[in-house]
Amino acid sequence: MQGYDPGAFPPFAVTVDLAVFTVREGRLHVLLVQRGEDPYKGAWALPGGFVRPRESAGEAARRELAEETALSQETVEDLHLEQLRTYSGPDRDPRMRVVSVAYTALLPDLPEPRGGGDAAHARWTALTAARPLAFDHDLILADAHERIGAKLEYTCLATSFCPGEFTLGELQQVYETVWGVDLDRPNFRRKVLTTPGFVEAVEGPPRRTGGRGKPAALYRAGAASALHPPLLRPEGRQA
């Protein structure tokens, strides 16, 4: 383009960062990688990297996730990544001016990751033990956790973390794990069963859940994708 001088502008880059959550052993975990290169060599961070000239941010997010964690291409392609927000603080990366497009996902039954690319190691880490992280990834992680907590209020996402047939106690545990609160069992049960399309009863005998308790009724995910009314987080009752 006539009159345009690229050298007149400072170096600038776009990256992607991913906050990927799962529930493991009754606790909320986040996928982290250990950086194998400077800056922050040896520090733990969210998976991510630079967007290449001929790819979109979404394409870069899936490529970086596969490269840095050694998750299979099939696993990565099946992930539903939700764009979180853009982070553009002028000093967020010591190398140059970098703007990052962050994505988040909350998924069940993901395999153990392995380091790859410029990541020395990759692991699932309990959210409570994840910080501090490199760059501004503590902020991104906090924002992503808040986003998925909100999604559980307004969508049926929590049923994805249960078996195909589950008890209401198992569903309640997902909410308590993500939100970090103790929920009142009768109130939770009433809200779930009166929300149209949230769950549907499974015909047949109930399932014993262990111990001396009586068998519990089984449910499966209903047809709804959004909750009307929403199932809001209680205030002031932290776990």
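Source: prediction; values computed, not measured. (Residues numbered from 1 in each chain as written. Predicted model: local features only at pLDDT ≥ 70, side-chain atom pairs only at ≥ 80, totals over all residues. Heavy atoms only, no water.)

Digging into the packing of aromatic side chains
One pass over the structure, following the stated rule, counts three aromatic pairs. The interplanar angle of 65° and the centroid separation of 5.6 Å between the aromatic rings of tyrosine 175 and phenylalanine 188 together place this pair among those described as edge-to-face. Of this pair, tyrosine 175 sits in helix 4 (residues 168-179) while phenylalanine 188 sits in helix 5 (residues 185-194); the two residues are 13 residues apart in sequence, bridging distant segments of the chain. Note on accessibility: tyrosine 175 and phenylalanine 188 belong to one class, buried. Chaining the aromatic ring pairs together yields one cluster made of Tyr175, Trp179 and Phe188. When the ring centre of tyrosine 87 is taken as origin, the NZ or CZ atom of arginine 85, which lies over that ring, is 4.5 Å away. (Phe/Tyr/Trp six-rings, centres within 6.5 Å; stacked < 30°, edge-to-face > 60°. Helix = DSSP H or I, 4+ residues; strand = E, 2+ residues; numbered from the N terminus. Buried < 20%, exposed > 50% of the residue type's maximum accessible area, 1.4 Å probe, protein only. Lys NZ or Arg CZ within 6 Å of the ring centre and 35° of its normal.)

Focus: the pattern of salt bridges
A complete count under the given rule lists 15 salt bridges for this structure. In this structure, the salt-bridge partner of aspartate 17 is arginine 92, at a minimum N-O distance of 3.6 Å. Taken together, the positions of aspartate 17 in strand 1 (residues 12-24) and arginine 92 in the loop between strand 5 (82-87) and strand 6 (97-106) put the pair 75 residues apart, joining distant regions of the chain. Residue classification places aspartate 17 among the buried positions, given a relative accessible area of 5%. Note on arginine 92: relative accessible area 9%, which makes it buried. Put simply, arginine 220 and glutamate 165 hold a salt bridge, and the shortest N to O gap is 3.9 Å. Of this pair, arginine 220 sits in strand 9 (residues 219-221) while glutamate 165 is found in the loop between helix 3 (137-154) and helix 4, placing the two residues 55 residues apart along the sequence. For arginine 220, a relative accessible area of 31% corresponds to the partly exposed category. Each of the salt bridges in this network shares a partner with another, and the network as a whole consists of Arg52, Glu55, Arg63, Glu64 and Glu67. (Salt bridge = Lys/Arg side-chain N within 4 Å of Asp/Glu carboxyl O.)

Structural measurements only, silent on function.
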